[in-house]
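Coordinate inspection notes
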2 protein chains.
Amino acid sequence: MSLADAVQRTAATLGKLAVRMTTKAGSGHPSSALSLSHLVTHLMYRQMRWDPTNPADPNADRLVLSEGHAVPIVYAAYAALKGAVGPAGRNGECPGVLAVADLDALRARDSVLDGHPNPAEGFPFFDAATGSLGMGLSVAAGLALGARLAGSERRIYVLIGDGESREGQIWEAADFIVDHKLTSVCAIFNANGQGQAGNVSPQQSAERLHAKLEAFGWRVLAIDGHNPEEIAAALDQAHRGDRPLAIVARTIKGWGVPALQKGNWHGKPLEEKDLAAADASLDQIVSQVGSGEADGLAPSSPPAGRRPAPAKDPDGVAWPTFAEAMEGAGLGKLLASGKAATRRAYGVALKVAGDLLPQVAVLDADVSNSTFSEVFAKAHPERFFECKIAEQNMVSVAAGLSAAGYIPFANSFAKFFSRAYDQVELASISRANIKLVGSHAGVSLAADGPSQMGLLDVAFFRAFTAVRGDDGESPLCWFFQPADAVAAYHCTRLMTRLRGMCYMRTHRPDVPLLYRPDAVFEPGGLQVLATGEDLALVASGYMVHVAQEAQRELERKRIRVALIDAYSFPIAGPRLIEALQKSGRRALVVEDNYGAGIGAAIAEIAARAGDIRVETMHCGRIPKSTRTPEEQMEYCGLSATRIADRALALLRQPA
Amino acid sequence: MSLADAVQRTAATLGKLAVRMTTKAGSGHPSSALSLSHLVTHLMYRQMRWDPTNPADPNADRLVLSEGHAVPIVYAAYAALKGAVGPAGRNGECPGVLAVADLDALRARDSVLDGHPNPAEGFPFFDAATGSLGMGLSVAAGLALGARLAGSERRIYVLIGDGESREGQIWEAADFIVDHKLTSVCAIFNANGQGQAGNVSPQQSAERLHAKLEAFGWRVLAIDGHNPEEIAAALDQAHRGDRPLAIVARTIKGWGVPALQKGNWHGKPLEEKDLAAADASLDQIVSQVGSGEADGLAPSSPPAGRRPAPAKDPDGVAWPTFAEAMEGAGLGKLLASGKAATRRAYGVALKVAGDLLPQVAVLDADVSNSTFSEVFAKAHPERFFECKIAEQNMVSVAAGLSAAGYIPFANSFAKFFSRAYDQVELASISRANIKLVGSHAGVSLAADGPSQMGLLDVAFFRAFTAVRGDDGESPLCWFFQPADAVAAYHCTRLMTRLRGMCYMRTHRPDVPLLYRPDAVFEPGGLQVLATGEDLALVASGYMVHVAQEAQRELERKRIRVALIDAYSFPIAGPRLIEALQKSGRRALVVEDNYGAGIGAAIAEIAARAGDIRVETMHCGRIPKSTRTPEEQMEYCGLSATRIADRALALLRQPA
């Protein structure tokens, strides 16, 4: 049998499985899956150099299914190829094998076959969760960067829906891949012409996609996505020259099954009673290609020689002292001045992390001279990736780099990360080991005004800290907000050691050093900067300095005020409670952002205990430009005087 | 004097002001401002049909400065033209006039001249806050849609940075504008070649932008952005034919001031001592063009006849009863079944809102058959705008529609709005009157898995509810989460009446009706569904049904449990406290999302009161696909049994 016939036969056979499994699950997207039948068959059976028993081999080619809802066709192929499933071990080996019979468990609680690609549930064929659309090309770019850094010849194929290519992130990724000449990526656009609520726009037609991709600097080939010869010929052109290849494949949504081509069939399985007709229709296709052995329809092995990311144990490296690091960065004079911005100390720490750990990689979105990731960039240019002004792509690239074994630190203003919160969440679902550092956070940015201030980041990331990871203990995200340069240095070090997502928030202004260079910081830790029996002021980051001023005002009135730096969340509840119990069972928490943040976290702990009164103060209105942080604090109701006044009011309440 | 000479002279004169004001402010972006000198001069003095005393006239042309940091050049022109400033009245008229001397107050606390465009602080020349990059073209699209709906001949000019055009949202907007043939928009790309941390990528070169825009279906003209004749000739071509015009203008960052052209000068003013040299350099340009009167360098008036958005008073229209509305939508049978999804009732309410209020417009991102905004689309197709799969653009288009006087309801899955949280925040800074409705929220979505579930939306929007708007009372956002179809109907009605941002969360599953059709709902309200002296279960949305089941389990154990539906935030604190005081001063709050949400909000209220114990339960781990909501609740630790167990544990604690 010819290769083309074999692909046709396999495509129809896998299509039957895809249709069936969605019916068994009672939900899913059989029509989208069928449109990819031939493309997935050719990629998984022929094009990709990989080993179904160890799909995560660092040399093996990878498939990113950006249009995640089409996943049943991949599950079908994987089962037919006896792919490995289950929780992966150290070298990616898995305990189980996916059988065709397992496909009927699609979307069931105990199945590794999630509704959308989800490697963390035991399907190691994928590197990252997809399903929220438009992210796959960026993930592929991150995998490709990782492969290049590690010296691996891995190639990455990405399947992207035409409707999904409306998402701007696809075009951010298209730019990034050209900028970085990531020709190991091959993007395949599935132009079936139909979305969920209607046809795709003419702006996402095969012709228009073709023109756009060329304008973005890609080589583009147009094919019939159900023609095995055209697929093979196009893929033969991939990974050549210095421009990446995009293939625009016209396909039929519901290919091979007339019932699934009616109207605009999306996201709905066939009823059980209609399965037989679908099978018959696909069987007829099989019968037309004749039988016999198929030559060459089996994956070839990955290139020899494993090329994992270089790595050292983050716990096993000795960091220089804070003073040594600052001296080493030529900042001895700044250190001696006793004042420094947290973002500057972060930059120094990042460079040290790069010195010590070959797996640390850094991304920035055109603000490296503000976030100070430029300190790393100068020392380790080969591991620094300028993403330009495209935060969504940056975060998903980081997820890809993490899947390739690196520890990516992504940097921007705290505000601009909100551009990529959907990407952050998908990275979290992927259990990506990414570190996000947002600078210029909160209202202390002052002059630039509210469009540049991180005001909702604390609420967003705090929510992640309240949820447990797979070990049932660590949070989905560790949150850090250092109050001085020493703390920023040590928190950065902690982030290299913690497995999983971390978010650190830094501030623009220079602030006095609060801590001795050898102060001890830990995840979820807190520092009691002063004790006092009447009341505790609790703050974090820049606000520790404002709270300290309020504390001094109150002390002049003979009120004994504790000052607590709550620099990390989820905060150690018992230690916090203990500190508050020594402080009159009264706390006033202040923060430089909108609500639902640190104050709420502490109120939750207190309300559970039931015998501690907590008041919260946060930015109470939309900020506007002011020339100084002090004026901004006043404008937003957060000046030291306002804090002291609120503390006095709290003390007047009955205990 | 020729028009070209006059533009040159004015550009240099305004440039002096832009440089000076940033020096006086001690921060800002003079080099970016100078690159726009000629373009802004030509637009504001010549091209735009507008009245500086009433810039917000609904017929007047508008300028959207997408690269918001370049704003000083606009402020300079506006002052020179004696533009109106201060809080706008009903018809857009303003109390004050911006004088040239006022420019020195840039970024000061009491100035209307914010660091980035910010109409809400008293600068009515702009429609929306910009400064977080890449949003302006979408805002312009919204303004253009609004103008078309109202029958206004308004034209909209957008200035976009080359570096900024890396943001995918620009390309989402480019698609949208072509789809909707919004030729009243003219996009001008400022290709000065420099970003913040370095040069812009070759992917954002003038040539590449030109090619991309053509591939996206735009007419494109390339010009020298400092050549008045080329600017005039290009703008003459705008608003013709059925394709929108884009102008790619090559410019010089720091035009006219050699000191600002050194290195990659960005975001930094000159020092006071260097002002004289900058002035001299720009004065020399002025001296070269000779003197005399400039012909035609004054804005022409807006087209005659005001064309505001049609509007009725939302408080003055009579809504049909819930039952009438359901019958009217052909859903009488569903109603009789006693079960309906909240999203379905929302769709019905949205259609009614459209029947009653001509200013209601609706947007969706290719999921109108899931969000049920399709009910509106069928009844009012001319006010329904399909945005396809591009949520960022959708939200910023909504902000533009709001600025044009409409009440836009934007729809998608709750999860996918997180794609646009930065845009949501900018809309909030703009005080946009937008309504966001996220469907398929929380873990009850079950089978589709975590990539489709809104799990962080409650934390994000709850933060907005904790901040006050300009009246010092209303929140920046009202949050609604209806537990049944009746509540969804009434909450939608409330959203049409509330001025400002609202977020409503709906769920996928059909749920039993809990409320009588005439039940009363209000912003920040709560419903006590059952009273009980031992403990209160507090929930919202889908979780009310799960909590009700837990309540029944507990009642079988003779525990008297109150059930409170906390359907809106910020919740009325005193009413909540009163209810909890009657329920043993013990509350267990349950929610179907990650933390930092409703539980934290209630804990904050309780911790302030100090004598109520609150426990919170939320989704405790990353969900995976399960086939039913019940299995998902179990998986995430939120089953009725788990809730009942936690309630029992809470009761065992000392009061």
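All values derive from a computational prediction rather than experimental measurement.

With that out of the way, let us pick up the overall build of chain A. If you tally the helices and strands in chain A, you get 24 helices and 21 strands. Overall, chain A is about 95 × 50 × 45 Å in size when its C-alpha atoms are taken along their principal axes. Here chain A, with 655 residues, has 69% of them falling under the buried criterion. For chain A, the exposed area adds up to about 19,600 Å²; of that, 48% sits on carbon and sulfur atoms. Between the mean site of the 66 positive side-chain charges and the mean site of the 71 negative ones, chain A shows a separation of 4 Å.

Here the focus is the packing of aromatic side chains. Summed over the entire model, instances satisfying the criterion amount to 52 aromatic pairs over all chains. Aromatic side chains Trp171(A) and Phe216(B) sit 6.0 Å apart centroid to centroid with 75 degrees between the ring planes, which places their arrangement in the edge-to-face category. Pair noted here: Trp171(A) is in helix H6 (residues 168-179) and Phe216(B) is in the loop between helix H7 (206-215) and strand S6 (219-224), and the two residues belong to different chains. Trp171(A) sits in the buried class, given a relative accessible area of 1%. On the accessibility criterion, Phe216(B) (0% relative accessible area) is buried. An angle of 5 degrees between the planes, with centres 3.8 Å apart, marks the rings of Phe461(A) and Tyr503(A) as stacked. Here Phe461(A), found in helix H18 (residues 457-465), pairs with Tyr503(A), found in strand S14 (residues 501-505); they are 42 residues apart in sequence, far enough to count as distant. Of the residues examined, Tyr503(A) reaches a relative accessible area of 0% and is grouped as buried. Between Arg621(A) and the ring centre of Tyr635(A), over which it is positioned, the NZ or CZ distance is 3.7 Å. The ring of Trp265(B) has Lys268(B) sitting right over it, with the charged end atom 4.7 Å from the ring centre.

It is the contact of helix H7 (residues 206-215) of chain A with H7(B), at a shortest axis distance of 8 Å, that shows an interaxial angle of 175 degrees. Between H7(A) and H7(B), the interaxial angle falls into the category roughly antiparallel. Of the residues in H7(B), those touching H7(A) at Arg208(A), Ala211(A), Lys212(A), Glu214(A) and Ala215(A) are Arg208(B), Ala211(B), Lys212(B), Glu214(B) and Ala215(B). When grouped by side-chain class, the residues that make up the contact of H7(A) with H7(B) number four nonpolar, no polar and six charged.

Enumeration according to the criterion identifies nine cavities of 30 Å³ or more in this entry. There is about 50 Å³ of room inside the largest cavity. What lines the largest cavity is Gly163(A), Arg166(A), Gly195(A), Gly198(A), Asn199(A), Val200(A), Ser201(A), Gln204(A), Asp366(B), Lys388(B) and Ile389(B). Residues of the lining of the largest cavity, tallied by class, amount to two nonpolar, six polar and three charged.

What follows covers the sheet that holds strand S7 (residues 245-250) of chain B. Residue and element names in this part refer to chain B. Across the sheet, five strands lie side by side as S1-S4-S5-S7-S6; this open sheet has parallel pairing. Each having just a single partner strand, strand S1 (62-65) and S6 make up the two edges of the open sheet. On average, adjacent strands in this sheet sit at an angle of 20 degrees to one another, irrespective of strand direction. Relative to S7, strand S5 (residues 185-191) runs parallel, the two being bridged by six bridges. Each bridged residue has a counterpart across the sheet, and for Ile188 the counterpart in S7 is Ile247. The strands that helix H3 (residues 37-47) touches are S1, strand S4 (156-161), S5, S6 and S7; relative to S4, the one it contacts most, it runs at about 175 degrees. Helix H5 (residues 136-150) contacts S1, S4 and S5 of the sheet and is inclined by roughly 170 degrees relative to S4.

So, about unusual backbone geometry. Trans is the common state for peptide bonds, and a negative phi is the common state for residues other than glycine. For the bond from Phe569(A) to Pro570(A), the omega torsion is 0 degrees, close enough to zero to count as cis. Within the secondary structure layout, Pro570(A) lies in the loop between strand S19 (568-569) and helix H21 (573-581). Phi at Arg431(A) is positive, roughly 55 degrees, even though this residue is not glycine. Within the fold, Arg431(A) resides in the loop between helix H17 (421-429) and strand S12 (435-439). Despite not being glycine, Phe372(B) shows a phi value in the positive range, around 70 degrees.

All names here are of chain A. Strands sit in the order S10-S9-S11-S12-S14-S13-S19 across an open sheet of seven strands; the sheet is mixed. Edge positions in the sheet fall to strand S10 (384-386) and S19, since each has one partner strand and no second. By the bridge criterion, two bridges tie strand S13 (residues 477-480) to S19 in an arrangement that is antiparallel. Note on S19: the bridge partner recorded for Phe479 is Phe569. Contacting strand S9 (360-364), strand S11 (407-413), S12 and S14, helix H12 (residues 342-356) runs over the sheet at an angle of about 160 degrees to S11.

The next thing to look at is the interface of chain A and chain B. Taken together, the contacts link 123 residues of chain A with 123 residues of chain B. Of the roughly 9,500 Å² buried between chain A and chain B, counting both surfaces, carbon and sulfur atoms make up 49%. Looking only at chain A, the three residues that lose the most surface to chain B are Arg109(A), Arg166(A) and Arg419(A), adding up to 9% of its buried area. With its nearest N and O atoms 3.5 Å apart, the salt bridge here joins Arg608(B) to Glu615(A). Linking chain A with chain B are 86 residue pairs in polar contact (both at pLDDT 80 or more). The element contributing the most residues to the side of chain A that touches chain B is H6(A), with nine residues. Grouping the constituent residues of the side of chain A that touches chain B by class yields 48 nonpolar, 39 polar and 36 charged.

Turning our attention to the relation of the copies chain A and chain B. Aligned on chain B, chain A shows an RMSD of 0.0 Å; the corresponding rotation is 180 degrees and the shift along the axis is 0.0 Å. With respect to symmetry, the two chain copies, as superposed, fit the operation of a two-fold axis. Relative to the rotation axis, the closest C-alpha in chain A is found at Gly168(A), a distance of 1.7 Å. The overlap is high: 100% of the interface residues of chain A also sit at the interface in chain B, so the same surface is used on both sides.

Analysis parameters
- Positions within a chain are numbered from 1, following the residues in the order the chain's sequence is written.
- Labels are handed out in written order, letters beginning with A for the chains and numbers beginning with 1 for the ligands.
- Confidence filtering applies because this is a predicted model: local features only for residues at pLDDT of at least 70, side-chain atom pairs given and counted only at 80 or more, and all residues used for totals across whole chains, interfaces and linings.
- Think of the side-chain values as coming from all heavy atoms in the structure, minus any hydrogens and water.
- Labels follow the DSSP assignment, with helices taken as runs of H or I lasting at least four residues and strands as runs of E lasting at least two, numbered in each case from the N terminus.
- For every residue, the accessible area obtained with a 1.4 Å probe (protein chains only) is divided by the maximum for its type, and the residue is called buried under 20%, exposed over 50%, and partly exposed between those limits.
- Using a 1.4 Å probe, accessible areas were evaluated by the Shrake-Rupley method; residue-level cover was limited to the displayed protein chains.
- Residues counted as positive are Lys and Arg, residues counted as negative are Asp and Glu, and His and the chain ends are not counted.
- The atoms used to mark charge sites are NZ of Lys, CZ of Arg, CG of Asp and CD of Glu.
- Aromatic pairs are defined between Phe, Tyr and Trp rings, using the six-membered ring for Trp, whenever the two ring centres lie within 6.5 Å; interplanar angles under 30 degrees are classed as stacked, those over 60 as edge-to-face, and all others as tilted.
- In this scheme, Lys NZ or Arg CZ marks a charge over a ring once it lies within 6 Å of the ring centre and within 35 degrees of the ring normal.
- As a rule, the C-alpha atoms of each element are fitted with a line to give its axis, helices using only the stretch in contact, and angles between N-to-C directions run from 0 to 180 degrees.
- For classification purposes, angles smaller than 35 degrees are called roughly parallel, those larger than 145 roughly antiparallel, those between 65 and 115 roughly perpendicular, and all remaining angles oblique.
- Note on contacts: a residue pair qualifies if any of its non-hydrogen atoms lie within 4.5 Å across the two residues.
- In this classification, Asp, Glu, Lys and Arg are treated as charged, Ala, Val, Leu, Ile, Met, Phe, Trp, Tyr, Cys and Pro as nonpolar, and every other residue, Gly included, as polar.
- Buriedness of a pocket was judged along seven lines, with at least five required to meet protein on both sides within 12 Å; pockets are open sets of points on a 1 Å grid over the protein atoms alone, cavities are sets where a 1.4 Å probe fits but cannot get out, and lining residues have an atom within 4 Å of a point.
- Grid points are joined across faces, edges and corners, and a volume is the space filled by probe spheres set on the points.
- Paired strands, as defined in this entry, are two strands with at least two bridges between them according to DSSP.
- Summed over both partners, the accessible area (1.4 Å probe) lost when two parts come together is defined as the buried area.
- The salt bridge definition used is simple: a Lys or Arg side-chain nitrogen within 4 Å of an Asp or Glu carboxyl oxygen.
- Between N or O atoms, a polar contact is any pair within 3.5 Å; within protein, one atom must be a potential hydrogen donor and the other a potential acceptor, and residues adjacent in sequence are included only when both atoms are from side chains.
- Least squares is the method used to superpose the copies, on C-alpha atoms of residues holding a pLDDT of at least 70 in both.

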